[in-house]
Every structure is written in C-alpha cells, then in structure tokens.
Amino acid sequence: MINNRCPICSNKKNTIIKEIKNFPVYQGCVTKKELQRFKFKFYTKKWKQCNNCTSLFLSSIPPLKYIYFRGHATGYGATWERHYKKFSDFILNQSKKNEKFIDVGGGTGILAKEILKKQKSVKLNILEPSPSDEIKKIKKIKIIKKNADYLYKNAHKYDSFIFSHSLEHINNLNSFLDGFIENANINSNIFISWPQQENWIKKSIPGTINFEHTFFINLANLIKLMQSKGLYFHKKQYFEKHSVFLYFSKINLKKNKLFFKNYSKKNFIDINEYYKKYEKIYLKDEIKKINLRKVYLMPASIYSQYIYYYLKDIISFSVVIDNSKSKQGKFLFGTNLKIYSKKILKNHKKTSIILSGGFHTSEIKTNILKFNNQLQIIDTEKLLNAKN
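An account of the accompanying structure is given in this report. Every value quoted in this text rests on a predicted model; they were computed, and no experiment measured them.

Examining the overall build of the chain
Along the backbone of the chain there are 14 helices and 18 strands. Taken over the C-alpha trace, the chain has a radius of gyration of 21 Å; the compact-globule value for 388 residues is 21 Å, and the two agree within 12%. Taken over the C-alpha atoms alone, the chain extends approximately 65 × 50 × 40 Å along its principal axes. Of all 388 residues assigned to the chain, the portion counted as buried reaches 55%. Look at the contacts in the chain between residues 6 or more apart in sequence, and 70% of them connect residues 24 or more apart. As presented, the chain carries roughly 18,400 Å² of accessible surface, and 49% of it is formed by carbon and sulfur atoms. Put simply, the chain has 71 plus and 28 minus side-chain charges, and the middle of one group is 2 Å from the middle of the other.

Listed below in structure tokens is the structure:
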C-alpha cells in the first residue's frame, strides 16, 4: 500500500529521509506451514517527513493481512498487568455503571476482563479482526471481527470507546477520526492509552515506529488533533514511562479549522539517529567480545527481530528463548531461529543471551537469572545507549 498523504494533516508534499531495506513484514512467530502463506516476507521501510506539519510517516506499507497475520501476544507481563489495572480504573472512574463500551483492538482481552471484574453491570464488545484464543474464552463479551472502520457506521451504538495501544495502529489517523467521530453520539466518551513515543525513542525501543506504528505524533499535537475534531479534552494521567491515559468526550463543539496553525512544528524526530544506534551496534565492546560457544536471542518478538537484522552477519545465533508456550516450537518471523523454553538453558555456563525486552527487560532478566545465574546477559538498551 502506497501512502503519499501525511496521516496527520493529509498534505501530499513530503520528503524521503530514510529507507530500511528487507525488514520482516510480520513481527510475530510462525510455523513452517504458516510461512508458506506469505507471498513475500520482507519489505522496505520508506520513511517520509511531511513538509507541512513535519510529522514522520511510512509511505509504503505491506498488505495488512501480513502485518496482522495473527496476534503476537502484545500485552503480557508484569508491566502490562499494572497498565491494565491502572487504565481500567481510569476508565471506570469517568463512566456510568451501565456504560456500553467497545474496546477497539482488544488484543489479549486482559483489559476487558479487568473492567468486567470491577464493574459487572457494563456491556463490553471487542472490535478485533483477528481475535486471540484468550479473547474467545472471556464470558460476557461480544467479539466483532471487523477492522476499525466498522465505527464509521456503527459508532452511534456505543457510549464509550477504548483505544488501548491501538489508535497508533491506524494508518490514516486524520481521516479515521473524521469518519468515526462524525458517527459517534453527543456525550460519548473516548479513552486512549497512548505509548510515550518520545520516551520509547530515547530508549531506542524497537517497534516504537514500524509497520504497525506507521507515524509519529507527539502528545501535545495528538491532543490538539483530537480537539480539532470537536472533542473536549478532560484529563491525562501518566503510567510510569510507558503510556499516558487520555480522556475525551464528544460535546456540541464545532470543529476547529485552525488546528494546523496551532500545530507545533516540533513534531519531527530524528529517525536517522534512532536507526544509527542499531546500525553501529556491531562496534560495541560487548558484541566484539562475544567468543562463547552459543549466543541466544530473547524474547521472540520485534525486539529480537531488530537485533537479528543488524547482527545476523556478525553473530551466528542459535535459537530464541521465550516463556510463552504459544510461541515455543515456532520460528521467529524473518529469521531461521526456532523458539524454545528457558528450560533448555539449564546447566548452561558458556552461553550469552542478547536480551532486548524494552520496558520488560528488567523482569525478563530477573526471571532468567533466577533459573540460571551462570548465563551472560547482554542488555541491548544499555548497549545501544553506551558511549563505547
């Protein structure tokens, strides 16, 4: 799919600033049989900067059926558990007891379960084109197997809309908001959990911007964009350095056509600097000193895909380690690496694990060292931001 318009301001004038060739189109795990369903496995990331609003976006996007081939277990772990508990409180504190919610891109369904556990009288639908097995098991939930544009004609059926790390997956955000909000009822609520992208980029976290997150908009400009659609901004609440919760409602406000005059031109991020850290990772001392018999990656996600992409010609990786049973026995897409449980690391002494877990690195590291404290763990976040 070619995207020549800026997803934020719809401007057609832009400049190519970075290309990453042959990157995996899917950031999950597959069996060999499933791999045969992909006509192509790699695609070029072509980043453009809008000449009008300075936003960064991908101008060339693989088919969505490949990007979202299947859910890839986003939303598990201690950090996400805390997130869901805090976000569910944030939502319910502003909602009526008999509220009718739709959770757009419900992922694992854990947030939905938290809401229903705390407020049993609410009605909750999950809008998810490829629902996971976990969602299907949840009682009292209706699953709608549609894309987000389902809301263009059906938004009026709901009191409140939940976007928990899903709004950033919308390729053409500006036009989507127009179509969805137009159909929503007056006094309906919108709850958003938005990734702290600026912080994620500073930490060099893989996946901050990719085939799933195809644009960058800073928080101040996101709020202005929502307000320009006739929404009233009530409040925000930060969750650690991970997310920010936002609460809007549709009241009888006119659209603000002057939005882009008030839009901050400081919306641009240095994408070249972001990628440079990965492009130079092979020069780091810890990578140069790897001379042990086996080198493993962990976990089986886009985090490890990035490390594999930039080090595959330097290091001969053995396997990928992941605690998820649903991933074990499969292959990390875009690699030839099979996924195993940490159990294969028992009694290993001469093994290095390159760990790239984003905000989950600390909990993963603690868990794996409790299992075997003889392992050498290389923390890629520290590595990428080290001076040498």
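And the narrative resumes.
Details of the sheet that holds strand S12 (residues 243-250)
The strand order S7-S6-S5-S8-S9-S12-S11 describes an open sheet built from seven strands, whose pairing is mixed. The sheet is open, and its two borders are formed by strand S7 (141-144) and strand S11 (231-239), each paired with just one other strand. Ignoring strand direction, the axes of neighbouring strands in this sheet form an average angle of 20°. Taken together, the five bridges between strand S8 (residues 160-164) and strand S9 (residues 189-195) define a ladder with parallel strand orientation. Within the sheet, the bridge partner assigned to Ile162 lies in S9 and is Phe191. Running at roughly 175° to strand S6 (residues 123-127), helix H4 (residues 110-118) makes contact with strand S5 (100-104), S6, S7 and S8 of the sheet. Seen against the sheet, helix H7 (residues 173-183) touches S8, S9, S11 and S12 and runs at an angle of roughly 155° to S8.

A word on the pairing of S8
With respect to burial, S8 is a largely interior element, five of its five residues being buried. Burial of the side chains of S8 extends over both faces: Ser160, Ile162 and Ser164 are buried on one face and Phe161 and Phe163 on the other. Sheet analysis places S5 next to S8, joined by three bridges and oriented parallel. Looking across to S8, one finds that Asp103 is bridged to Ile162.

Points about the side chain of Glu34
Residue position: Glu34 is located in helix H1 (residues 32-35). Within the local environment of Glu34, its side chain forms a polar contact with the backbone nitrogen of Thr31, the two atoms lying 3.0 Å apart.

Comments concerning the side chain of Thr380
With respect to the helices and strands, Thr380 occurs in helix H14 (residues 380-384). The residues touching Thr380, leaving out its near neighbours within four places in the chain, are Ile307, Ile354, Leu355 and Ser356.

Digging into the pairing of S9
Along S9, seven of the seven residues are buried, which leaves the element largely enclosed by surrounding structure. Of the two faces of S9, the one carrying Asn189, Phe191, Ser193 and Pro195 and the one carrying Ile190, Ile192 and Trp194 are both buried. Following the chain from S8 across H7 to the adjacent parallel S9, one finds a crossover that is right-handed. The pairing of S9 with S12 spans seven bridges and is antiparallel. The residue of S12 that forms the bridge with Ser193 is Phe245.

Brief notes about helix H12 (residues 302-311)
For H12, the buried fraction is high: 10 of the 10 residues fall into the buried class. Three or more residues of H12 are buried, namely Ile302, Tyr303, Ser304, Gln305, Tyr306, Ile307, Tyr308, Tyr309, Tyr310 and Leu311.

Let's talk about empty space enclosed by the protein
Which parts of space are left empty comes out when a probe the size of a water molecule is rolled across the atoms. Summed over the entire model, instances satisfying the criterion amount to two cavities of 30 Å³ or more. Each pocket or cavity is described by its volume, and for the largest cavity that value is around 60 Å³. Lining the largest cavity, in full, are Phe23, Pro24, Val25, Tyr26, Gln27, Ile67, Asn210, Phe211, Glu212, Ile302 and Gln305. Those elements that provide at least two residues to the lining of the largest cavity are strand S1 (14-24) and H12. For the lining of the largest cavity, a count of residues per class yields seven nonpolar, three polar and one charged. Empty space within the second largest cavity amounts to approximately 50 Å³. Taken together, Lys203, Ser204, Ile205, Pro206, Tyr278, Ser356, Gly357, Gly358, Thr380, Glu381 and Leu384 make up the full set of residues lining the second largest cavity. With three residues, the single largest contributor to the lining of the second largest cavity is H14. Looking at side-chain class alone, the lining of the second largest cavity contains four nonpolar, five polar and two charged residues.

Rules behind the numbers
Residues numbered from 1 in each chain as written. Predicted model: local features only at pLDDT ≥ 70, side-chain atom pairs only at ≥ 80, totals over all residues. Heavy atoms only, no water. Helix = DSSP H or I, 4+ residues; strand = E, 2+ residues; numbered from the N terminus. Rg over C-alpha atoms; globule rule 2.2 N^0.38 Å. Buried < 20%, exposed > 50% of the residue type's maximum accessible area, 1.4 Å probe, protein only. Contact = heavy atoms within 4.5 Å. Areas by Shrake-Rupley, 256 points an atom, 1.4 Å probe, with all protein chains shown as cover. Lys, Arg positive; Asp, Glu negative; His and termini not counted. Charge placed at Lys NZ, Arg CZ, Asp CG, Glu CD. Pairing = 2+ DSSP bridges. Axes fitted to C-alpha atoms, helices over the stretch in contact; angles between N-to-C directions. Polar contact = N/O pair within 3.5 Å; in protein donor to acceptor, adjacent residues only side chain to side chain. Right-handed = clockwise from strand over helix to strand, strands pointing away. 1 Å grid on protein atoms, 1.4 Å probe; cavity = no way out; pocket = protein on both sides within 12 Å on 5 of 7 lines; lining within 4 Å. Points joined across faces, edges and corners; volume = space filled by probe spheres on them. Nonpolar A, V, L, I, M, F, W, Y, C, P; charged D, E, K, R; others polar.

Function-wise, these values are silent; they only describe arrangement.
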